[in-house]
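Okay, here's what each chain looks like letter by letter:
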Amino acid sequence: MEKTSDIIKKIEDFAPLDTMQKWDNSGWQINLGNLTTSKIMVSLDVTMSSVNDAIEKHCDMIISHHPVFFNPIKKIDSPFIIKAIQNNIQIYYVKMK
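Residues numbered from 1 in each chain as written. Predicted model: local features only at pLDDT ≥ 70, side-chain atom pairs only at ≥ 80, totals over all residues. Heavy atoms only, no water.

**Q** Go over unusual backbone geometry with me, naming the residues and quoting the values.
**A** The backbone of His58 shows a phi angle near 60 degrees, a positive value even though the residue is not glycine. By secondary structure assignment, the location of His58 is in the loop between α2 (48–56) and β5 (61–64). The class for His58 is exposed, based on a relative accessible area of 63%. Non-glycine residue Asn88 carries a positive phi angle of around 60 degrees. Relative to the elements of secondary structure, Asn88 occurs in the loop between α3 (79–86) and β6 (90–93). Its relative accessible area of 39% is what places Asn88 among the partly exposed residues. (Helix = DSSP H or I, 4+ residues; strand = E, 2+ residues; numbered from the N terminus. Buried < 20%, exposed > 50% of the residue type's maximum accessible area, 1.4 Å probe, protein only.)

**Q** Quick one: what's the story with the nonpolar core, residue by residue and with numbers?
**A** Membership of the largest hydrophobic core comes to 14 residues, with the highest contact counts inside it found for Val46, Ile62, Val68 and Ile91. For this core, the secondary-structure elements that each account for two or more residues are α2 and α3. With three residues, α3 is the single largest residue contributor to this core. In contact with Ile91, not counting residues within four places along its chain, are Trp28, Gln29, Ile30, Val46, Ile62, Val68 and Ala84. (Core = buried A, V, L, I, M, F, W, Y, C linked by side-chain atoms within 4.5 Å. Contact = heavy atoms within 4.5 Å.)

**Q** I'd like a description of the sheet that holds strand β4 (residues 40–43), backed by residues and values.
**A** A sheet is described by the order of its strands in space; here four strands give the open sequence β2-β6-β5-β4, paired in mixed fashion. The sheet is open, and its two edges are formed by β2 (27–30) and β4, each paired on a single side. Averaged over all pairs of adjacent strands, the angle between strand axes in this sheet comes to 25 degrees, irrespective of strand direction. Against the sheet, helix α1 (residues 4–14) touches β2, β4, β5 and β6, its axis set at about 15 degrees to β6. Each of β4 and β5 touches α2; the most contacted strand, β4, lies at about 160 degrees to it. (Pairing = 2+ DSSP bridges. Axes fitted to C-alpha atoms, helices over the stretch in contact; angles between N-to-C directions.)

**Q** Kindly report on the packing of α2 against α3, identifying the contributing residues and their values.
**A** Where α2 contacts α3, the two axes come as close as 9 Å, and the packing angle between them is 15 degrees. Put simply, α2 runs roughly parallel to α3. Every pair of crossing elements has a handedness; the one defined by α2 and α3 is left-handed. Counted together, Met48, Val51, Asn52 and Ile55 of α2 and Pro79, Phe80, Lys83 and Ala84 of α3 form the full contact between these two elements. Taken together, the residues that form the contact of α2 with α3 break down as six nonpolar, one polar and one charged. (Parallel < 35°, antiparallel > 145°, perpendicular 65-115°, else oblique. Left-handed = near helix turned anticlockwise from the far one by under 90°. Nonpolar A, V, L, I, M, F, W, Y, C, P; charged D, E, K, R; others polar.)

**Q** A description of α2 should follow, citing residues and the corresponding values.
**A** By the burial criterion, the buried members of α2 are Ser50, Val51 and Ala54. Seen along its axis, α2 keeps its buried residues to an arc of 100 degrees; they face one direction. Contacts made by the buried residues of α2 are with β4, β5 and α3. Within two residues after α2, His58 carries a phi angle of roughly 60 degrees, on the positive side. (Arc of directions from axis to C-beta.)

In structure tokens form, the structure reads like this:
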């Protein structure tokens, strides 16, 4: 297990948040406040399929290339987002150069 903050620091050292475009939404998509992370899955998009894979593989974080949210959300009703939260899976989006 590693500190979640150390993992995020490594990501942000490589892809600093201040380099994203104004329209982009890099960073935490779902932050449940977990202090440690034991297993990470990397995914192009976060979908029900990728959340199911993360559950099956006992991952507690997904790092995605595409964001889950582009616009401010008014309610959480997406089945894959609800399933991720119910299974204690955090989601972080990183924009690669």
